[in-house]
Amino acid sequence: MIIADDGFFFGIGAFETIAVKDGVPILLSHHYDRLLNTLKFLNLTNISMDEIKREVKNTLENQDMQKGSKVLKITVSKENVLISTRPNTYRKKDYEKGFITDYSAVRRNETSPLTYHKTLNYGDCLMEKRSFRKRGIQEPIFLNTKGELSEGATTNIFFVKDKDIIAPPMSCGMLPGIIRKYIYDSCKIK
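Residues numbered from 1 in each chain as written. Predicted model: local features only at pLDDT ≥ 70, side-chain atom pairs only at ≥ 80, totals over all residues. Heavy atoms only, no water.

Enquirer: I keep staring at the pattern of salt bridges and nothing clicks. Help me out?
Expert: Proximity of charged atoms lets side chains of opposite charge pair with each other. Taken as a whole and assessed by the stated rule, the structure comprises 9 salt bridges. Salt-bridge contacts for Asp 164 lead to Lys 190; the nearest nitrogen and oxygen are separated by 3.2 Å. Pair noted here: Asp 164 is in strand S9 (residues 164-166) and Lys 190 is in the segment after helix H6 (178-186), with a separation of 26 residues, a long-range link. Relative accessible area serves as the criterion here: at 29%, Asp 164 is assigned to the partly exposed category. A salt bridge links Lys 181 to Asp 185; the nearest nitrogen and oxygen atoms lie 2.8 Å apart. You can see Lys 181 and its partner Asp 185 sitting in helix H6, 4 residues apart, about one turn around the helix. Within the structure, one salt-bridge network assembled from shared partners comprises Arg 108, Asp 124 and Glu 151. (Salt bridge = Lys/Arg side-chain N within 4 Å of Asp/Glu carboxyl O. Helix = DSSP H or I, 4+ residues; strand = E, 2+ residues; numbered from the N terminus. Buried < 20%, exposed > 50% of the residue type's maximum accessible area, 1.4 Å probe, protein only.)

Put into structure tokens, the structure is as follows:
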């Protein structure tokens, strides 16, 4: 049962969405690090990461998580820790085909500290994604209040130019993405 708290009423909470392939969560330790950072930022220090990890482990041991592509979601607020799962809707053919994007009229606020944390204040991303989907566009791209490129509604943005990987700097106002961290840790980014 969900307890109505500041997460429910005001979005003071955090979440992580983790791809799971054949029972193995992808980059789970990075997700845990980002979740812990956000919980500290929101002053939700009453939450036990050990408890979250136990619940995640128990969920991953479920038979239905052992085969195929799934998504594990961890949602945390002051009074709630929710672990949920669903099928992963992205398939290999989606990545091979590519995604259609367009610019959103909604701007990222690079001055807001909430922009840099994966909180329950995620409505603009979902509303834009749903609105764009009706137009056949898979991913809205956000600019910041200065008109600089920031991020997608649910994606990090990278470009390849002359074999160099280029990405907007964090100061443009974006969530510190897990794939972004992985690429920055693995490659030289300009």
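Enquirer: What should I look at first to understand the packing of helix H2 (residues 28-41) against H6 in this one?
Expert: Between two packed helices, what matters for the description is the angle formed by their axes and the separation of those axes. Direction vectors running N to C along H2 and H6 enclose 115 degrees, while the axes themselves pass 10 Å from each other. Seen from above, H2 lies across H6 with right-handed handedness. Packed against H2, whose contacting residues are His 30, His 31 and Arg 34, the element H6 presents Ile 178, Lys 181 and Asp 185 at the interface. Considering only residue class, the contact of H2 with H6 consists of 1 nonpolar, 2 polar and 3 charged. (Axes fitted to C-alpha atoms, helices over the stretch in contact; angles between N-to-C directions. Left-handed = near helix turned anticlockwise from the far one by under 90°. Contact = heavy atoms within 4.5 Å. Nonpolar A, V, L, I, M, F, W, Y, C, P; charged D, E, K, R; others polar.)

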